[in-house]
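# Remarks on the overall topology
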Amino acid sequence: MEKILVLDFGGQYNQLIARRVRDLHVYAEILPYTTPLETIKQNGYKGIIFTGGPNSVYLEESPHYTPAILDLGIPVLGICYGAQLMAYMLGGTIEGAKTRQYGHTDMTVTKAESLLMKQIPSVSTCWMSHTDYISKVPDHFTISAVTDTCPTAAMEWAEKKLYAVQFHPEVSHTAYGNQILSNFLFDVCGCAGDWVMDDFIDRTVKELRQQIGNKGVVLGLSGGVDSSVAAALLSKAVGRQLTCVFVDQGLMRKNEGDDVENAFKGTFDMNFVRVNCQEAFLSHLKGVTDPEDKRKIIGTEFYKVFWDIVREKYSDGYFAQGTIYPDRIESGKGDAAKIKTHHNQVGMPKDIHFDGVIEPLKDLFKDEVRQVGEKLGLPHDLVWRQPFPGPGLGVRVIGEVTAEKVKILQDADWVLRDEVAKSHYDDKMAQFFAVLPGVKTVGVMGDARTYENLIVIRAVTTDDFMTADWAKIPYDLLGRISNRIINEVDHVNRVAYDITSKPPGTVEWE
């Protein structure tokens, strides 16, 4: 199988690069920059991509790699920090930029015959995110693209198949980013493009069977897309050797605990166990307001309940979870910057001695997980359920979490979902939900003064959840949502709409 190596130097978009490559039907895998050169030599890669990263390449403590990688005869594409690293390794000059570039930037192609810039307009929009720049390219390199403030937006040594771009072709904001990656894969690397998602399923099922053998597997099942697809994949591999434990912490959406049980119990070839424990979770969250503390408490308590069940009944075999790549990258990976801790990044207790941890979806993005779910024959409604954070409504209730606040938010969120579904607008948004920000406002209801809660609506459009834009919901639909929430949900007298993109915000408020 032809493969592309994505060599990870700690940036935030590294897995997105691999995902874009796989979208073009070429298999890509990620290895850290600490991987020995000999390992890379032995894997038969058709091409190598150096990723971005948060460091300055000219600092001694920054991630580097041996220049010998550029002499393997394997095509290399450097992106952002990876471009600067390539220049640095070959004698170019990297400097701090007088004008930092972040966001949309017009790029001009200066070398029309460049294979990398094939079918790219002379002027197009790219996505920049850098503070350093290549002020002098190495010998033998020519500049193939520029911007007003970046003299080396792209460079190449075509004879040696070394290419570099200062911008990020992997993000959707770069208008012709997919074309640039396609040019590298097919015109420079000579890939055939014959890898499909079925290959991932067949390979993963085979690997799971080999790894698990006749032992048992315990999965913490939330009922969300990730854990559901992980369960289906494991069920396909080992059947009733799989036990799914559903910990209902009382922080799910309205009626969702029952919906999860109805969807899974007796439907899949697995064992299903439900544990109801809202009171225990709320007692641990009493007085806690910091979002990181809430995430850690909810994650820790989730696993405490989970491990108690495991200790009692399922202490042998493997532990599985539905971790996907955004869970890992936003928790900090290698030299990547930490943004927030995800619930399934909490460690295993020392007294638990499983044979290993299985994360069959750990290298997939959400849309790829959905593709796997569809290929496995899961119900459409289940596969296309919206992402839901592991800590549940605990991170959508801003400040202290109480039973009363959870009830208010559940009711408001249910109205939002009901109205959006009736309007057939749900398929136009990647995610939408209600937030209880812990703010009370003055209002007038029934000719009387009120001092009640504000509900905030959050809705975004995105194809990868690494970047997102706020959804342009029609005003009349927003009006109906607001009217119903205020009239149907107790202790609410005002509704607002969040129009913040990611970045600078995140999709969730906490």
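The structure under discussion appears in the preceding block.
This write-up is about the structure you can find in this document. (Residues numbered from 1 in each chain as written. Predicted model: local features only at pLDDT ≥ 70, side-chain atom pairs only at ≥ 80, totals over all residues. Heavy atoms only, no water.)

### Section: a nonpolar patch on the surface
Judged by side-chain polarity, Tyr58, Leu59 and Tyr88 come together as a nonpolar surface patch covering roughly 260 Å² of accessible area. Note on tyrosine 88: relative accessible area 37%, which makes it partly exposed. (Patch = residues over 30% accessible without salt bridge, like charges linked within 9 Å, V, L, I, M, F, W, Y side chains within 5 Å. Areas by Shrake-Rupley, 256 points an atom, 1.4 Å probe, with all protein chains shown as cover. Salt bridge = Lys/Arg side-chain N within 4 Å of Asp/Glu carboxyl O. Buried < 20%, exposed > 50% of the residue type's maximum accessible area, 1.4 Å probe, protein only.)

### Focus: the pattern of salt bridges
For the coordinates displayed, the defined rule picks out 35 salt bridges. Arginine 484 is the partner of glutamate 488 in a salt bridge, and the nearest nitrogen-oxygen pair spans 2.8 Å. Of the two residues, glutamate 488 and arginine 484 are both situated in helix α14 (residues 475–488); the distance of four residues between them amounts to about one turn of the helix. Taking relative accessible area as the criterion, glutamate 488 reaches 46% and is therefore assigned partly exposed. Each of Asp418, Glu419, Lys422, Asp476, Arg480, Arg484 and Glu488 takes part in a single network of salt bridges with overlapping partners. (Helix = DSSP H or I, 4+ residues; strand = E, 2+ residues; numbered from the N terminus.)

### Quick notes on the packing of aromatic side chains
Summed over the entire model, instances satisfying the criterion amount to 17 aromatic pairs. Between the aromatic rings of phenylalanine 141 and tryptophan 157, the centroid separation amounts to 5.9 Å while the plane-to-plane angle is 65 degrees, which identifies the pairing as edge-to-face. Placement of phenylalanine 141 in the loop between β6 (123–136) and β7 (142–146) and of tryptophan 157 in strand β8 (residues 154–157) is noted, with a sequence separation of 16 residues between them. For the pair formed by phenylalanine 141 and tryptophan 157, the shared burial category is buried. Following the ring pairs from residue to residue traces out a cluster consisting of Phe302, Tyr303, Phe306, Trp307, Phe319 and Phe354. Sitting over the ring of tryptophan 414, lysine 254 keeps its end group 5.4 Å from the ring centre. The side chain of arginine 396 reaches across the aromatic face of phenylalanine 433, ending 3.8 Å from its centre. (Phe/Tyr/Trp six-rings, centres within 6.5 Å; stacked < 30°, edge-to-face > 60°. Lys NZ or Arg CZ within 6 Å of the ring centre and 35° of its normal.)

### Let's talk about the sheet that holds strand β13 (residues 318–320)
Taken together, five strands build an open sheet; the order of strands is β12-β11-β10-β13-β14 and the sheet is parallel. Because the sheet does not close on itself, it has two edges, and the strands there are β12 (271–276) and β14 (357–358). Alignment of strand β10 (residues 217–220) against strand β11 (residues 242–248), held across four bridges, turns out to be parallel. Bridging across to β11, valine 218 finds its partner in threonine 243. Sitting on the sheet, helix α9 (residues 291–313) is in contact with β10, β11, β12 and β13, with an inclination near 140 degrees to β11. (Pairing = 2+ DSSP bridges. Contact = heavy atoms within 4.5 Å. Axes fitted to C-alpha atoms, helices over the stretch in contact; angles between N-to-C directions.)

### Section: the side chain of glutamate 170
You can see glutamate 170 is positioned in the loop between β9 (162–165) and α4 (177–188). Of the side chains bearing the opposite charge, arginine 20 lies closest to the buried glutamate 170, which forms no salt bridge; the N-O distance is 7.5 Å. The residues touching glutamate 170, leaving out its near neighbours within four places in the chain, are Tyr13, Leu16, Ile17, Arg20, Ile79 and Leu181. (Lys, Arg positive; Asp, Glu negative; His and termini not counted.)

### Brief notes about the nonpolar core
Judged by nonpolar contacts, the single largest core of 47 residues is most densely connected at Phe306, Ile455 and Ile485. When residues in this core are grouped by element, the largest group, eight residues, is from α9. Apart from the residues within four sequence positions on either side, isoleucine 485 is in contact with Ala412, Val415, Ile455, Ile457, Val492 and Val495. Of all hydrophobic cores here, the second largest spans 40 residues; its members include Ile201, Val238, Val260 and Phe264. (Core = buried A, V, L, I, M, F, W, Y, C linked by side-chain atoms within 4.5 Å.)

### Digging into the layout of surface pockets
Each pocket or cavity is described by its volume, and for the largest pocket that value is around 1,100 Å³. As for the largest pocket, its lining consists of 32 residues, of which Asp381, Trp384, Arg385, Gln386 and Arg417 are closest to the centre. Those elements that provide at least two residues to the lining of the largest pocket are α7 (256–264), α11 (366–375), α12 (380–383) and α13 (403–422). Partitioned by chemical class, the residues of the lining of the largest pocket number 12 nonpolar, four polar and 16 charged. Volume-wise, the second largest pocket comes out at about 640 Å³. Broken down by secondary-structure element, the contributors of at least two residues to the lining of the second largest pocket are α3 (81–89), β5 (93–109) and β6. Take the lining of the second largest pocket: its biggest share by element is six residues, from β6. By residue class, the composition of the lining of the second largest pocket is 12 nonpolar, 15 polar and three charged. (1 Å grid on protein atoms, 1.4 Å probe; cavity = no way out; pocket = protein on both sides within 12 Å on 5 of 7 lines; lining within 4 Å. Points joined across faces, edges and corners; volume = space filled by probe spheres on them. Nonpolar A, V, L, I, M, F, W, Y, C, P; charged D, E, K, R; others polar.)

### Side note on α13
Counted at 1.5 Å a residue, the expected span for α13 with its 20 residues is 28 Å, and the 28 Å between its end C-alpha atoms agrees. Looking at the packing, one finds that the buried side of α13 touches α8 (278–285), β15 (431–435), β17 (448–461), α14 and β19 (492–497). Just past α13, the residue histidine 424 takes up positive phi, approximately 55 degrees. (Expected span 1.5 Å × (residues − 1).)

### Focus: the side chain of aspartate 248
With respect to the helices and strands, aspartate 248 occurs in strand β11. From its side chain, aspartate 248 meets the backbone nitrogen of glycine 250 in a polar contact 3.1 Å long. In terms of polar contacts, aspartate 248 uses its side chain to reach the side chain of arginine 274, at 3.0 Å. The residues contacting aspartate 248, other than those within four sequence positions of it, are Gly257, Arg274, Val275, Asn276, Cys277 and Gln278. (Polar contact = N/O pair within 3.5 Å; in protein donor to acceptor, adjacent residues only side chain to side chain.)

### A word on α11
Along α11, the residues classified as buried are Lys366, Glu368, Val369, Arg370, Val372 and Gly373. Residues of α11 that are buried in the fold lie against α1 (14–23), α5 (197–212), α6 (225–238) and α12. Once α11 finishes, glycine 377 follows within two positions and takes phi at roughly 85 degrees, a positive value.

### Here's the deal with the state of the cysteines
In the structure shown here, the tally under the stated rule is zero disulfides. Cysteine 191 supplies the cysteine sulfur nearest to cysteine 189, a cysteine that is in no disulfide, at a spacing of 5.1 Å. In this structure cysteine 244 is a free cysteine whose sulfur lies 17 Å from that of cysteine 277, the closest cysteine sulfur available. Among the residues examined, cysteine 244 registers a relative accessible area of 0% and is labelled buried. (Disulfide = S-S within 2.5 Å.)

### Re the environment of threonine 462
Tracing the backbone through its elements, the reader meets threonine 462 in the loop between β17 and β18 (469–470). As for threonine 462 and phenylalanine 167, which are separated by 295 residues in sequence, their C-alpha atoms are 20 Å apart. Setting aside anything within four residues of it in sequence, one finds threonine 462 in contact with Ala430, Thr467 and Ala468. One polar contact links the side chain of threonine 462 to the main-chain carbonyl oxygen of threonine 467, over a distance of 2.5 Å.

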